[in-house]
Each structure stands twice: as structure tokens, then as C-alpha cells.
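A look at the structure
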Amino acid sequence: MTIEIERHKYDILVIGAGGAGLRAAVEAREAGLRVAIICKSLFGKAHTVMAEGGAAASMGNVNENDNWMVHFRDTMRGGKFLNHYRMAELHAKESPDRIWELEMWGALFDRTKEGKISQRNFGGHEYPRLAHVGDRTGLELIRTMQQRIVALQQIDKAETGNAESNIKVFAELTITEILKEGGKVSGAYGYWRENGKEVLFEAPAIVLATGGVGKTFKITSNSWEGTGDGHALALKAGANLVDMEFLQFHPTGMVWPPSVRGILVTESVRGEGGVLTNTNGERFMFKYIPDVFKDKYADNEAEADRWYVDQDNNRRPPELLPRDEVSRAINSEVKAGRGTEHGGVFLDVSKRLSAEVIKKRLPSMWHQFYELAGVDITKEAMEVGPTCHYVMGGVEVEPDTAAAVGVPGLYAAGECAGGMHGSNRLGGNSLTDLLVFGRRAGMAAAAYVKSAGTTQVSQSAVQAASLRIQAPFTRTGGENPYKLHQELQEITHNLVGIIRTKTELDDAIVKITELRKRIANITVSGNREFNPGFHLSFDLDNMLLIAESTAKSAVLREESRGGHTRDDFPKMSTTWRQINNISSFDGTQVNVSQQPLPVLPKELFDLFDPHELEKYMTPEELAKGGSN
Amino acid sequence: MARKLNLRIWRGNKESGALQNVIVEANEGEVVLDVIHRVQAEQLNDLAVRWNCKAGKCGSCSMEINGKPRLACMTQVSSFPEGEEITITPLRAFPVIKDLVTDVSFNYKKAMEIPSFQPPVGMKPGEPRMAQVDVERSQEFRKCIECFLCQDTCHVIRDHEENKSSFAGPRFFIRIAELDMHPLDILRNRKKKAQEEHGLGMCNITKCCTEVCPEHIRITDNAIIPMKERVVDEKYDPLRWLGSKIRKREGIL
Amino acid sequence: MATGVFSSTRAKISERTLRTDKWWIQPLITFSVLVAFIIYATLRAFENGNYFAEPLISPFYSPCLSAACAQGSSLLGQPFGIVKLIGMTVSPALFILIFPLGFRMTCYYYRKAYYRSFWMSPPACAVAEPHSKYTGETRAPLIMQNAHRYFFYIGLVFNVLLTVDAVLAFRNPEKQWGHMSVGTLVLLANATFLWLYSASCHTCRHTIGGRLRNFSKHPLRYKAWTVVSVLNHKHQNFAWISLLGVAFADFYVRQVASGSFTNFYFF
């Protein structure tokens, strides 16, 4: 049977239309190349819109002491020194330019009194640094980039008569495979979600900008799109993933009702007096204060309650411990059977504050839960638990070019690239990460195409890719994709979640392997016309690879650092700090190997106080004082 | 806590379609999108629906629920009385693709027709200085999540397919207003274009766009009417026209 | 050729609307109240009498410009003499009423109200309208809606005159100052409502600051604009209150002039 295939030829294919993808496309088009942008949903709906806080850039508009070096230090500290130093450096240096550029494209940030871009404080940032627009900064960024693409298309229309002559957006299209010839990228294969028709893209360079992997987990703040497509496509194309064990969990995401499951409850709810209790009504956080924090956190309710009115003479309530501590505590309570039936605990702000005060201090929280779920936080407790929020791990790339290591022609930027954030991402660093490395990926891909020229796609590669798309309808295994997705989420949630142990991780790896066999038997009902079951069958494939990579990396890393907590290895290890876990795919399974982390060069090493580095580095490293 | 819901979901495609009765369980606190997902996972695996963030921030799950244009993720099941049938259809102003998914490409075409932001010639990144009060009006319009519910409910195109070529719709009137009120934009013919090319005059300010906006943008009062007044300044006000001629002659402008 | 929601490309649904709420109530109420007002105003205009009872004058007849006007009711003189049409004396109210009528007909709020309730274009949101063609306000006569600002200016003149009428009502029937009656309050309230209606008008908002690009360069106008913007939120309310206020003021004066009511004096 021959299926008619739609063919397109472009210089560069950008997969993903969030902040990073659009920024890459703009750069490539400005370099004079023809670009196709692939968008899994409608244009402008990318998960970037969910970013609320802001975009971190050391413009120094609010505090002029800020500069790239301070920002660099904060980023490295946040990532517990597992970051690729060069990415953190480039990010800190180039972020201000990326923000200013947005303004020239029509973005309207909130302003300071002098009329400059206003910047706000955020956790982990030494100075007010986050450019923002209320609490919808991500929307502003995506809309600005979207409108920049339109502006370029208008210019092209004036010149060539065709708006899509140099940039074309392929909305609601899924890429299922990256094609290679002679070891280099030659194109990609996929299908239109609207009608299931297959599409072949011939392109010598591909930029992956597909975002996160949250949908691999049961409770996540990510949308359905966060299925790790770019991670999986890269793995299958022969590229590596770095440090996939690092996932950022927010301690208080809603777990119930389902309409708001995964939506974050901001830390200020706890700051304003929100109290965590288990199903026995016990305020359990007092049991979980680690020794190092004993002098800063109250060990009894009376003192904790007094802190809200008198912060100078009382220790803080333990609800305000760092994110990972709170997550760990909630997790332990649930595992001990003191959680709600939905796997959470109660967070209650209604007992301490009056309805008027809550509405005044936490307006958007109140509004959001009331409108989306009918939960009135002035009257009742919220059911919360740790929520998968962001993946620090991702495609291993060359920092300066965002080129995927090992696959000429493949680039990755944004959340799907690894290295930048180390073991833990600072709030606000994500939006500028998209812009800085989106631009670099676009620029480098353009340079690559100009020197490497075109490639051919072989008929056999196309046929293989096409067979894979047809498979879910022709198979007879009878597995339901929705059910398998739920099972995968149960495995990751219970065994690869926020607190990990070797036995559970080993168990997870076995279960994931079993699931892989069943996923091969997925059968889809209906036809190819906009069929979500059909779509999910491909997403599942990707999520399975992510889960495997995460579980296998996590079982190897015998320490706790940032977004990776091992109950059996609760401390940071200076040895493990020097190691990246590298995942690769051999066609049947993910293999993880170790690779030394690049050493800080002397001029960056010298930006830190040696005493601070003692916590992270071995005496030998400290003695050496960075590379030359 | 769970209750049984009687849904009537429109299923079909370009050629044909009909409302299909579905009985599904709903839990306390769920929104219509949750229920649709349950139908999808348990009964109609291939039911087509668009959605992304499920938090009212991306504007993907636009549909019509009991005849009203709404975001399914922002419509609580509890807002419907026990036992009442809930009718769910695709947007009725746009061509249907399948089930609850419509072809909204009209909006992207219109976006292409609005001239983009144009900063002053020679201005460099980092140079702009704008006061907060000067950006606030445009910021309101930039809250738009492009759910296109305003476009769907606007009778100018909902009820008159033939107007689609000459009418940009409320979403793009706020875009034009945003740019015309942008402190840095230098294009001065936006008002004229709005009236002559984008069909601002077709709007009879019946305010349905404002009523359906999930972001509570005051589309009519803050964008469309001010733009209509700005158009009057340029095109229909003889005194201002005379004034501008005189000022031009005296070299004031 | 079917158009609108029945166009060939749209989802095949036979109902004009699937709304289950009582969407027709709002337009019905609007329709009823406006029709009632029109009938009342027409009857009163053609009554050509009972509009003046020293010192009270009905807002329908002020300023009374015809030589046929009741003695003492012509604040601005009687420049028109007696105007006759096919042998009939034209009521002086007609000279007056066309201006407020024009102001309200072109008002951005009333346009919504009557396009929906009278013209059913559309009758309610997401309810298919009955018309097969629609051109909006792009051509005559509706393009005249763009003259709203001129009616607004004229409306301001009337607001001044009606305020003067209210001030003059601080007199007794013997034209002595320092008195106040229920009629004074009625005329004062009427003038106040009219000012609020004008001040909350969209054209007013535009004139006072809306047309500016940079508020920061015009702090006073910005301040005024923010005040007008707050009022503008309530333009719909003021539109109805002032409409009923005018009708009531006229009704009150009529009852006093015809002797049905006694205008009670506080002092």
C-alpha cells in the first residue's frame, strides 16, 4: 500500500513553538534561511504562557549593583554547582539584551518610576531581577514572539508576495521521527493532527524546542503537551540526555479536585499563615525540621503562631522550610497512610485569616480556585501535594551553539535542553533561558546549514517512519492508550517521585520495561481524523523513554541534590557533583553512563568566595582553583 | 459526591453531525473539560477536543456550552442544576473539523493583516522609557489569551459568513487599539485602516465580545469605542479636520 | 444560500441557539421601557400644555422658544415666533426634544440597547439574528452615529439650561428667591442625573483624555480621564436613571401645572 505523502523542503525545521522555538526561528530567518515551525497545538498556545513570575535578567534597573556576575553566581548556587558553567555564563551575560529586544518587538513590561523595565525579587536571586507583566509574563513573551514572527512574515509578503515564503507555521502537527542520512540530520517525519495525513520534512538542520516532560507524572503543572517529545526524538536520533534524574517538584500543587490538579498554590499562602495538616488533623511539619534548621524554625505551635505577628522574637513556622523539605515531609505523611485518598495533605489558610484578609492578600489564588474548582479557600482547606513542575535534565548540547552532542544538524534549546540549570532551576531563569539559547540555536543552525548544504532523505527511512504511524490502527493487541498512560503515571508517581530509594527505583525500571511491551500493543479506535487516542499512542512512547531515563539515572546517582532526593543517600556528595549522568538509547532500552562535568574556568571560579565552594567541591578541586 | 451528568455532545465533521447523548459521572469540583476527558478515556476514545493548560491561561478549550461560548476549563459542572442536560457543541462561527474542534485559521489570517508594531527609527534596544500609566491601556489588551470566544460570539461574522473578508473582529480591534495606544508605535494610519480595511464600522457595539471574554478585558468600552472615537477624529469630525488643516498650515503639526 | 450558523462549513446544528437561559427577557424589558417612554414623550409633546407652573418648567419644553409658549417659560426668548405646519401649531417641545433624542439615539450604550431589543441584531449573544444582510454602521443612515460628539456638545448646553431651571426653582410662584419645594428637588435631581449621564459618556471620556497617547505628559487630563472612566463604567445605569428622571420631572411639572398635585414648599 502506498500512502500519498505531503513533502516540504526547508533549511531549518524548528520543532516546538514556545519561547525557545520561536526565538530560534526568528534568528534563522534573519540569517536569510527558510524555516518551518512545528507546533503540536495551535500557534501561540505553548506552555510558555504558564510562566507567571517573570524573566530574570541583570539589567540593574531596580538595583544597579546587579550585573551578569551576580546573576551567574545565583544560577550556579541554585543549581548546586551541577550546571554547565558555560551555559550559565552565556545566560547571565545575554539575558538583558534578549529582554530589551522583546521591547523593540512590542512587549510591554511593567515600568519603574524612571520608565525603565521594572524588576521584582524572586527566590534565589540576590537583587530584584525579574522583568514582569503582572503575573502573566509568559503570555507576554509568547505573544511578543508570535507577533514578531507575523511581522517578519509581513515583510516577506511585501517582498515576495507570499507571507509564508520564509517562515511557515505548521500548527497541530506532530513529529514522530527525526530522519538521518550518513549520520547527519536530513529531515523529520510526522502527521497532521487534524486528519492524520503524513508529512515529510526535508531539512538539514532541526532545532528541538519541545519543552518539558511533566505529563510523565501523575500530578503535574504541565499541559498535555509536556510529553518529552524533543527528549525522546533526540534520544532516538542518537543524541544524549544529561542528568534526567533532576526534576523540580513544587511542594504544594493541588491534588484535588481534578479540575485544578497540578495547579500550583504559591508559597505565599504558607507565608500568610497557611497550615499543613494530615488526615489525623495533626500539624505534622514540626516532626520534619532538620537539625541544621532547628535554630531558625519553631518546634511548637504556640511559637509558630506567634511568628505571624512578631517575627523578631519567634522562630518561623516549619511550613516555611525550603521547598524540598516541605515536599519530603508531605511525601512521608502520604506514604505513612496519613494522606488524603487523593495522595495529598491539607493546606488551610481559612482558620487563621478572615475571608476579607485572604481575598485582599491572595486575590489571584482565591479567584483561581473559586472560578476553576469552586473551592473557596476562605472557607475550606486545599488538598495539596508535590507537583512535577520542570525538568532540569535534557538534551546534551554544546553551550555556545546549542548543538546536540553527537548528531550533526540537531540543536536543542529551552526546557528540552539540559545543563543550564544544573540540579535545580531558579524561578525566572527559564524565560530568559528560552530566549538566550533559542537565539543561539537558530544562529548556529543557520551557520551549519550554510556550510553543510542540503541532504537527501532515503525512501527506506520514509517507509519505516510511515509504518510506525500506521501501526496503532493495524495492531490487534487491544491495549487502551489512556489506561496505559495512567499506569505509567502511577509508576512514576509512586516510585520515581520526589523522594527516591534504590528498591523503588529498581521496581520502577522493571515495571517500565513491562509497560514497554504493552505499549507495543496499543490499538486505537476510530479513524485518523483528529483522534486523541491516536495522538496519545505516540506521546506515550516518548514518555516511556523519559521515565526510563529518569529512573535509570536516579538509581545511579547516590546522593541528594536539588531536584533529586534519595532517602538512602540524603547528603550531597562532592564526588557526584563532578559527574553528569548521560542517557543514550540503543534501540531497545535506555543506557546511562557517567561523564565528568566540565570544570569551572579560573575567571569564573574566582567569582566565588572559597568558603562557599567548600560545601560543593573536594579539597583537590578547591586547591586547583578552576581550570586554566 | 459523584453525580451523573446527561451530556449532549455534538459529534461529526464537515459533512454531517448530530448531538449524541452521553451519561458520565462527574465528581465534585470538576469542570466541563474534566468530564469531557472522562468521556474520552472511557467511552468515546476518539472524541476530538482541543485543550492545553486547563487553567484558563492558554485559550484552547473554547466551545459552546448550553449555547454560550465558553472555556470548558473555566465552566464548573456545579453551575448546572442537578438533572439538567448539558449541551456541548463546537464554536458555531467557524468551520467545523471534527466534534468539538473547529478551524480557527480565520483568526490567524486576520492577525497577518494588522500592521505590526513599529518602533521609532533609530531607537536601540534598552533605550525605551515609558511611564506605567502610558502602557497600562495597551497592557489590558495584551492580557488576551486568543481563545477567540469574542470572534465566535460576534454576530457580524457568526451570523454573516460573507462579512468575514471585510471584518477583523473584536480580538483584532483590541490588537489595533493596543498598537494605536502604544507609547512607542509610530504608525499613524491605524485608525484609518481600522475603519477602511478592518471593518471597525461594522461593529454595532452590542457588547457580546465583552460578555464572553474570560480575561474580562473590556473590549467594547476600552478598545472598540475609543477606536471609533479616534476614527471620528480623523474622518468624520469637520471641526477637527479643519483644525488639523489650520495647524498644518501654521506648521504646528 | 444559508449563511451564518447555518453556513455549509459550520457544524450542522438546526437550532438558532442552544441557550437554555431566558435570554429574551433582557431585550424584552429594554424594548418595553423604551416604547413606554416614547409613547409618553410623544403624548406629552403633542399635548402642548401643562409644562410650566411658575417657577417649574418641564425639561421637555425648556427652553421654550416659540411665541406660543406659556408666559414666563421662555428663558432664551422666543426667536421662532409661532411655527405652523399644515395649519397646526407645532409644539415647542419638538424643537427641544430632537436634541436629547439625537444624543441618546447615538449614545454608545443606547445603540447596544436598541440594536438588540428593537432590531434584534443580535437579540442576545449567540442567538442568531433574523437578518440576511448586515453592514453595521458603515453607511447611511447609521454612519450618522459618528456625529455623537456633536449631540454631546449640544447636550451640555441643555444640561446648563436645565441646571438654570433647577436654580430658578429656588423661587416661589411669585418669583421671590430663597424658597424650595419638592419641585426644586425634582428639577435638581433631573439636572444631576443628566450631568452624570453626560460626564460618563464615551465621547466625553475620549475628549477629556482618551485621545491622548501619553498620559504622563498630561497629568491633569489623565486625572480627569480616570474619574470619567470610573463614571463610564456606570454609563448604562446613568442612561436609564436620567431617562426616567427626565420623564418623572416632566410628569411632576405636568401634574403641578394641571393642578393635580400641589407643589409642596419646604420654605
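Residues numbered from 1 in each chain as written. Chains lettered and ligands numbered in written order. Predicted model: local features only at pLDDT ≥ 70, side-chain atom pairs only at ≥ 80, totals over all residues.

Some thoughts on the overall build of chain B
Going by this rule: Secondary structure elements are taken from DSSP: a helix is a run of H or I of four residues or more, a strand is a run of E of two residues or more, and numbering for both begins at the N terminus. Residues with at least 20 other C-beta atoms within 10 Å of their own are called buried, those with 12 or fewer are called exposed, and the rest are partly exposed. The C-beta atoms themselves are positioned from the backbone. Any pair of residues counts as being in contact when their C-beta atoms, constructed from backbone geometry, are within 7 Å of one another.
Within chain B, the regular secondary structure consists of ten helices and seven strands. In terms of overall dimensions, chain B has C-alpha extents of about 75 × 40 × 30 Å along its principal axes. Within chain B, the proportion of its 253 residues that are buried is 60%. A separation of at least 24 residues holds for 61% of the contacts in chain B among residues at least 6 apart in sequence.

What about the domain arrangement of chain B?
Residue and element names in this part refer to chain B. Filter applied, for reference: Delimitation of the domains relies on an automatic or database domain assignment. Gly falls in the polar group here, along with every residue not listed as nonpolar (Ala, Val, Leu, Ile, Met, Phe, Trp, Tyr, Cys, Pro) or charged (Asp, Glu, Lys, Arg).
Domain assignment breaks chain B into domain 1 (3–102) and domain 2 (105–249). If you average the C-alpha positions of domain 1 and of domain 2, the two centres end up 32 Å apart. On the domain 2 side, the residues contacting the twelve residues of domain 1 number 13 residues. Residues that form the side of domain 1 that touches domain 2 fall into these classes: seven nonpolar, three polar and two charged.

Considerations on the sheet that holds strand S4 (residues 68–71) of chain B
Residue and element names in this part refer to chain B. The criterion, for reference: At least two DSSP bridges between two strands are needed for those strands to be called paired. Axis definition: a line fitted to C-alpha atoms, limited for helices to the stretch in contact. Angles are taken between N-to-C directions and run from 0 to 180 degrees.
Spatially, five strands are ordered S2-S1-S5-S3-S4 in an open sheet, and the strand pairing comes out mixed. The strands lining the two open edges of the sheet, one partner per strand, are strand S2 (17–26) and S4. Shown here is a sheet whose adjacent strand axes are inclined to one another by a mean of 35 degrees, direction ignored. Sheet topology note: the strand S1 (residues 3–12)/S2 ladder contains ten bridges and is antiparallel. Bridge assignment links Arg3 to a residue of S2, and that residue is Ala26. Together, S1, S2, strand S3 (62–65) and strand S5 (86–89) form the strand contacts of helix H1 (residues 32–42), whose direction differs from that of S2 by roughly 100 degrees.

A closer look at the nonpolar core
The condition that has to hold: The nonpolar core is taken to be a set of buried Ala, Val, Leu, Ile, Met, Phe, Trp, Tyr and Cys residues joined by way of C-beta atoms within 7 Å.
With 317 residues, the main nonpolar core has A:Ile12, A:Val14, A:Ile206, A:Val207, A:Tyr411 and A:Ala412 as its most contacted residues. Setting aside its immediate chain neighbours within four residues, A:Tyr411 contacts A:Ala205, A:Ile206, A:Val207, A:Leu208, A:Ala402, A:Ala403, A:Ala404, A:Ala441, A:Ala444 and A:Ala445.

Concerning unusual backbone geometry
Residue C:Pro63 is bonded to the preceding C:Ser62 through a cis peptide linkage, with omega at -5 degrees. In this fold, C:Pro63 is placed in the loop between strand S2 (56–57) and strand S3 (84–85). In the segment running from C:Ser121 into C:Pro122, the intervening peptide bond is cis, with an omega of 0 degrees. Tracing the sequence through the fold places C:Pro122 in the loop between helix H3 (108–117) and helix H4 (148–168). In this model, B:Lys207 sits at a positive phi of 70 degrees, which is unusual for a non-glycine residue. With respect to the helices and strands, B:Lys207 occurs in the loop between helix H7 (190–196) and helix H8 (208–212).

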